[in-house]
Amino acid sequence: METAPKPSKDVPPKKNRLKAKRKKPRRYWDEETLTAAGASPGLPRNKKRNRELRPQRPKNTNIAKKSRVSRKPQLPKKPREGRNLEPQRSVSGAQDPFPGPAPVPVEAARKFRRIDKSKKLPHSKSKTRSRLEVAEAEEEEISIKAARSELLLAEEPGFLEGEDGEDTAKICQADIVEAVDIASAAKHFDLNLRQFGPYRLNYSPTGRHLAFGGHRGHVAALDWVTKRLMCEINVMEAVRDIRFLHSEALLAVAQNRWLHIYDNQGIELHCIRRCDRVTRLEFLPFHFLLATASETGFLTYLDVSVGKIVAALNARAGRLDVMTKNPYNAVIHLGHSNGTVSLWSPAMKEPLAKILCHRGGVRAVAVDSTGTYMATSGLDHQLKIFDLRGMFQPLSARTLPQGAGHLAFSQRGLLAAGMGDVVNIWAGQGKASPPSLEQPYLTHRLSGHVHGLQFCPFEDVLGVGHSGGITSMLVPGAAEPNFDGLESNPYRSQKQRQEWEVKALLEKVPAELICLDPRALAEVDVISLEQEKKERIERLGYDPEAKAPFQPKPKQKGRSSTASLVKRKRKVMDKEHRDKVRQSLEQQPQKQEKAKLPRARPSALDRFVR
């Protein structure tokens, strides 16, 4: 039999082992004695006591430890200003010869800048000034990031270039189709629809879908890239115009009597009887407004997000059948039979401006994507380009053999004009320059008279609706090659389209903010502000924003006597008086210089000079 080993003399018994581990609790007077004797004080009493009473874990046991990772996000510590940061080294130990972010050219950053730093807010408070400085710093950083990411826009605009001395207007569509790739050649097609013509057409904001309506009631919508038909109906009524709304899911059709809204399956959703005898349609995407021009001379704004009519304006110029929008400021341009073009906003009952363009009636109006130039054509066979930035002066003019009945601008500034069964296209030096009317860029003859023109967004394609159907022309260099995937994505799915609609509704711009110069909304109207301040002072009898008189605060006992308070008040008053005297002394030399200037001979009209 095996016997249990006897414990040695040095090992204490099992029961007395706990007693040997337990130490005598230390009292506060013992700690003071040790500290006075020169011993190290060690850990604080509470921490040391907790450590002594804490049960000890065996070293060899595998127990899962609690995670010490904080739930709060760990922010990177900012390096101190005084610390010299050494350049980062790679794995091989070599230093980066160009540390930090890549420099951005000033001209590239200026292109994306939206805040004009030269204009300062007069008499701005410190809090307002600090907010403006923060906004300017954020805008500067955003412009630098946008300029740096411009390198990722790899697509370049196309162009059409002939041989030495060759005129590009003599190059026909068949030659262009043979020269381009297969995918681009498939974008040129003709739809023979003589039975229901003539046709009006419209592209969706993304440029992927095409809707067209015939004068004899034929309405259809399709994905023109894949040629997949979405819907096709016959409304059994004359169709005067057709427009996509904020997406390709909704379609507005101006029929002979009323305005109808359809979905992409051809199902009628609404019949708006307050918009009757509509001749032209325009949609403002950022305001969700559908503008309609009618035979009765009324310009109506319909808010499609809530289904209410925002404004119904009487143009007092007879039948309205010439209308277009300015994509830059959402102002509607109407052409009239007396040769004028009027500019309208739903916030005003009168036109914002009137421009005398032609000696006869206006037949067509178009505005480029930057809102800088306007093209008009009239019964006098004149085609004119106007500058909308200043006094609306004509920049160039050209007499055409036949007056242009339809005009359209592309995203890069090309101008297309439909004259009978011929389409002429003029090009300029770039996107921000007006088109040159001396020599046409392209010319194409159709099988019927033109009744509608529009360039496809983000595609070098011009859609033409005529009496014989629909024609898709290839126009190299017409469209913007790079699109914003968050704003207009031609390849978005249904879920992405729904999310974009929610975001666009949240960012909807009120109709009251439509004006000629949108930049004026970010400026302070100093004249109106001062006028309101004067009216408020007259109404209240005092200035609520005036500086309150100095009132000394009471100090400690014995230091707030009446004499000391009066003395402090007088000290502040004297300081203000000295400041006023100093300012007046500084302004005296300027007044003396003005007085020394030689005056002209006195006249009887001097009394009218302010």
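Being a predicted model, the structure only gives us computed values, none of them experimental.

Novice: Break down the confidence of the model for the protein for me, citing the residues and quoting the values.
Specialist: Mean pLDDT for the protein: 82, with 80% of residues reaching 70 or above. The secondary structure element of the protein with the lowest average pLDDT is helix H3 (residues 45-53), at 46, and the one with the highest is strand S15 (residues 332-335), at 97. Every residue in residues 57-85 scores below 50 in pLDDT, and together they form 1 contact with partners more than four places removed in sequence or on other chains.

Novice: Quick rundown of the pattern of salt bridges? Include the residues and the values.
Specialist: Across all of its chains, the model carries 17 salt bridges by this definition. Across the salt bridge formed by Asp517 and Arg519, the nearest N and O atoms sit 3.3 Å from each other. Each of Arg200, Asp241, Arg243 and Glu282 takes part in a single network of salt bridges with overlapping partners.

Novice: Report on the packing of aromatic side chains, specifying residues and quantitative values.
Specialist: In this structure the tally under the stated criterion is 4 aromatic pairs. Ring centres of Tyr199 and Phe212 lie 5.7 Å apart, and the angle between their planes is 70 degrees; this geometry places the pair in the edge-to-face category. With Tyr199 in strand S2 (residues 199-203) and Phe212 in strand S3 (residues 209-214), this pair connects stretches of sequence that are 13 residues apart. For the pair shown, Tyr199 and Phe212 are each scored as buried. Ring pairs connect the aromatic residues Phe458, Phe483 and Tyr491, which therefore count as one cluster. Of note, Arg273 hangs over the ring of Trp258, and the distance from its end group to the ring centre comes to 4.4 Å. Above the plane of the ring of Trp500 lies Arg492, whose end atom (NZ or CZ) is 5.0 Å from the centre.

Novice: Can you break down unusual backbone geometry residue by residue, with the values?
Specialist: Of all residues except glycine, most have a negative phi; of all peptide bonds, most are trans. In this model, Gly197 is joined to Pro198 through a cis peptide bond whose omega is -5 degrees. Among the structural elements, Pro198 can be located in the loop between strand S1 (189-192) and S2. Look at Lys227: it is not a glycine, yet its phi comes out positive at around 60 degrees. Along the polypeptide, Lys227 turns up in the loop between strand S4 (218-223) and strand S5 (228-234). For Arg277, which is not glycine, the phi torsion reads 55 degrees and is therefore positive. Mapped onto the elements of the fold, Arg277 is located in the loop between strand S9 (268-276) and strand S10 (278-284). Note on Arg277: relative accessible area 35%, which makes it partly exposed.

Novice: Tell me about the pairing of S4, and name the residues and values.
Specialist: With 6 of its 6 residues buried, S4 lies for the most part within the structure. Both faces of S4 are covered, namely the face carrying His218, Ala220 and Leu222 and the face carrying Val219, Ala221 and Asp223. Pairing analysis gives 5 bridges linking S3 to S4, with the strands arranged antiparallel. Within the sheet, the bridge partner assigned to Ala211 lies in S4 and is Ala221. Taken together, S3 and the strand that follows it, S4, pair antiparallel across an intervening segment of 3 residues, in which Gly217 is found at a positive phi of about 100 degrees.

Novice: Can you lay out a nonpolar patch on the surface for me, pointing to particular residues and giving the numbers?
Specialist: Residues Val524, Val526 and Leu529 make up a contiguous nonpolar surface patch of roughly 230 Å² in combined accessible area. If you trace the backbone, Leu529 turns up in helix H9 (residues 526-540).

Rules behind the numbers
Residues numbered from 1 in each chain as written. Predicted model: local features only at pLDDT ≥ 70, side-chain atom pairs only at ≥ 80, totals over all residues. Heavy atoms only, no water. pLDDT = per-residue confidence, 0-100. Helix = DSSP H or I, 4+ residues; strand = E, 2+ residues; numbered from the N terminus. Contact = heavy atoms within 4.5 Å. Salt bridge = Lys/Arg side-chain N within 4 Å of Asp/Glu carboxyl O. Phe/Tyr/Trp six-rings, centres within 6.5 Å; stacked < 30°, edge-to-face > 60°. Buried < 20%, exposed > 50% of the residue type's maximum accessible area, 1.4 Å probe, protein only. Lys NZ or Arg CZ within 6 Å of the ring centre and 35° of its normal. Pairing = 2+ DSSP bridges. Patch = residues over 30% accessible without salt bridge, like charges linked within 9 Å, V, L, I, M, F, W, Y side chains within 5 Å. Areas by Shrake-Rupley, 256 points an atom, 1.4 Å probe, with all protein chains shown as cover.

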